[in-house]
Amino acid sequence: MNQQSIVDAAVGHIQDASKGDSSGHDWWHIYRVWRMAIRLAAAEQADLYVVQLAALLHDIADWKFHDGDLTAGPRAAEAWLKSQQADPVTIEHVCQIIAQLSYKGAGVATDMSTLEGRVVQDADRLDAIGAMGIARAFAYGGHDRRLLYDPDDPPELHASAQAYRNSRGATINHFHEKLLLLKDRMQTATGRALAQQRHAYMEGYLGQFHAEWEGER
Ligand code: ADP
Ligand code: NI
């Protein structure tokens, strides 16, 4: 199959696999990351084929595996790409991006080794901040039965991926534990510029949230 047919097949495969997800990894999350990744790839002159496949497949295991097994994603992507007879160099690169992609806590470095990886990571992170990020955080919090906010439970800056994964804090804590930290971790110039605007929007939102909490606005 040619490159465009494999990209088209990936769209169909992910639309099927993500049906019914309410944890923040539904098809429209993938769609937004894919669109943004194409935009960043054009600006950064990254390989569009690898970027599109990695963006489309980046959450491929999140619908089936919830046990923190970080190899599930790259393995599922590899199996699917092999079934499409994608070339081995592309498979290797896409799987390596998926393996390095996710946020693992405030104190855990998650640098990307290739330009294509940096593009997809920035696109995924942009969807975790701004108006979209606020919506996804509260949707995830509800799905995971978390409080909106608990003034008695301060945020933590997790030093390990495991501590981050095990935390049970309120959704507002997640802004301090991840979302507000992302703007300084962007890895492309375009991603960084877009993150500034989305960051400012979240800060305005949090100011309003706390003022309303105390009946001040
Ligand atoms: P990613 O798509 O970057 O891998 P995750 O799987 O970590 O993201 O999370 C999916 C969405 O849910 C993201 O928008 C993320 O910020 C949000 N989320 C993850 N953990 C929490 C949490 N503890 N509280 C609120 N939102 C969360
Ligand atoms: Ni994602």
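Before reading on, note that the structure itself is shown above.
These numbers come from a predicted model, not from an experiment.

Asks: Would you mind showing me how to read the coordination of the nickel ion (ligand 2) here?
Replies: Reference values for angles at a metal are 109.5 degrees in the four-donor tetrahedral case and 90 or 180 degrees in the six-donor octahedral case. At 2.1 to 2.4 Å from the nickel ion (ligand 2) lie its protein donor atoms, namely H29 (NE2), H58 (NE2), D59 (OD) and D124 (OD). Mapped onto the polypeptide sequence, the residues donating to the nickel ion (ligand 2) form the spacing pattern H-x28-H-D-x64-D. Of this pair, H29 sits in helix α2 (residues 27-44) while D124 sits in helix α6 (residues 115-126), and the two are 95 residues apart along the sequence. Here H29 and D124 have matching classes, each one buried.

Asks: It is not clear to me how the site of ligand 1 should be interpreted in this structure. Could you clarify?
Replies: With respect to spatial proximity, 13 residues lie near ligand 1, and among them H25, D124, R136, Y140 and H174 are the closest. One of the side-chain N or O atoms of R146 is found 3.3 Å from a nitrogen atom in ligand 1. Across the complex, the protein chains shield 89% of the 550 Å² of accessible surface that ligand 1 would expose by itself. When contributions to the shell around ligand 1 are tallied by element, the ones reaching two or more residues are α7 (130-143) and α9 (171-177). At 3 residues, the largest contribution of residues to the shell around ligand 1 is made by α7. Considering only residue class, the shell around ligand 1 consists of 3 nonpolar, 4 polar and 6 charged.

Asks: Would you explain the side chain of D124 in this entry?
Replies: For the buried D124, no salt bridge is present, and the opposite-charge side chain at shortest range is R136, 5.2 Å distant. A polar contact of 3.1 Å, which involves the side chain of D124, links it to the side chain of H29. A distance of 3.0 Å separates a polar atom in the side chain of D124 from a polar atom in the side chain of H58. Here D124 is in contact with H29, V33, H58 and L101, once residues within four sequence places are set aside.

Asks: It is not clear to me how the nonpolar core should be interpreted in this structure. Could you clarify?
Replies: Ranked by size, the top nonpolar core spans 58 residues in total, and within it L53, L56, L57, L81, V94, L126 and F175 carry the most contacts. Sequence-distant contacts of L126, that is, excluding residues within four places in its chain, are made with M36, L40, M186, G191, L194, A195 and R198.

Asks: Even after reading the chapter, I still don't get the packing of aromatic side chains, so can you show me in this structure?
Replies: Here a ring pair, both rings aromatic, is described through the centre-centre distance and the interplanar angle of the planes. Evaluation of the coordinates by the stated rule reveals 12 aromatic pairs. With a centroid separation of 6.2 Å and 55° between ring planes, the pair formed by W27 and W28 is classed as tilted. Using a relative accessible area of 10% as the deciding quantity, one classes W27 as buried. Plain terms: the ring middles of F138 and F175 are 6.0 Å apart, the flat faces sit at 45° to each other, and that makes the pair tilted.

Asks: Which parts of the structure should I look at to understand unusual backbone geometry?
Replies: Negative phi is the rule for most residues except glycine; trans is the rule for most peptide bonds. In the Ramachandran plot, Q45 falls in the positive-phi region, its phi being about 55° despite a non-glycine side chain. With respect to the secondary-structure elements, Q45 resides in the loop between α2 and α3 (48-57). Judged by relative accessible area, which is 71%, Q45 ranks as exposed. At Q85, a residue that is not glycine, the phi angle is positive and equals roughly 55°. Here Q85 shows up in the loop between α4 (72-83) and α5 (88-100).

Rules used throughout
Throughout, residues of each chain are indexed from 1 in the direction in which the sequence is written. Both sets of labels track the order of writing: A upward for chains, 1 upward for ligands. Totals for whole chains, interfaces and linings use all residues, but because this is a predicted model, local features are given only for residues with pLDDT of at least 70 and pairs of side-chain atoms are given and counted only at 80 or more. Only hydrogens and water are set aside when side-chain values are computed; all heavy atoms of the structure are taken into account. For Na, K and Ca the donor cut-off is 3.2 Å, and for all other metals it is 2.8 Å, counting N, O and S atoms only; because water is absent from this set, sites may look incomplete. Per the convention used, a helix needs a DSSP run of H or I reaching at least four residues, while a strand needs a run of E reaching at least two, with both numbered from the N terminus. Here's how the labels work: a residue is buried when its accessible area is under 20% of the maximum for its type, exposed when over 50%, partly exposed in between, all with a 1.4 Å probe on protein chains only. Proximity criterion: a residue is near a molecule or strand once any of its heavy atoms comes within 4 Å of it. The term polar contact refers here to a pair of N or O atoms within 3.5 Å; inside protein, the definition further demands a hydrogen-donor-capable atom paired with an acceptor-capable atom, and it admits residues adjacent in sequence only when both atoms are side-chain atoms. Computed with the Shrake-Rupley method and a 1.4 Å probe, the accessible areas treat only the protein chains shown as cover for residues. Residues are grouped as follows: Ala, Val, Leu, Ile, Met, Phe, Trp, Tyr, Cys and Pro are nonpolar; Asp, Glu, Lys and Arg are charged; every other residue, Gly included, is polar. Positive residues here are Lys and Arg, negative ones are Asp and Glu, while His and the chain termini are left out of the count. Salt bridges, as used here, are contacts in which a Lys or Arg side-chain nitrogen is within 4 Å of a carboxyl oxygen on Asp or Glu. By the convention used here, residues are in contact when the closest approach between their heavy atoms is within 4.5 Å. Buried Ala, Val, Leu, Ile, Met, Phe, Trp, Tyr and Cys residues form a nonpolar core when they are joined through side-chain atoms within 4.5 Å. A pair of aromatic rings is counted whenever rings of Phe, Tyr or Trp (Trp by its six-membered ring) have centres within 6.5 Å, and the orientation is called stacked for planes under 30 degrees apart, edge-to-face for over 60 and tilted otherwise.

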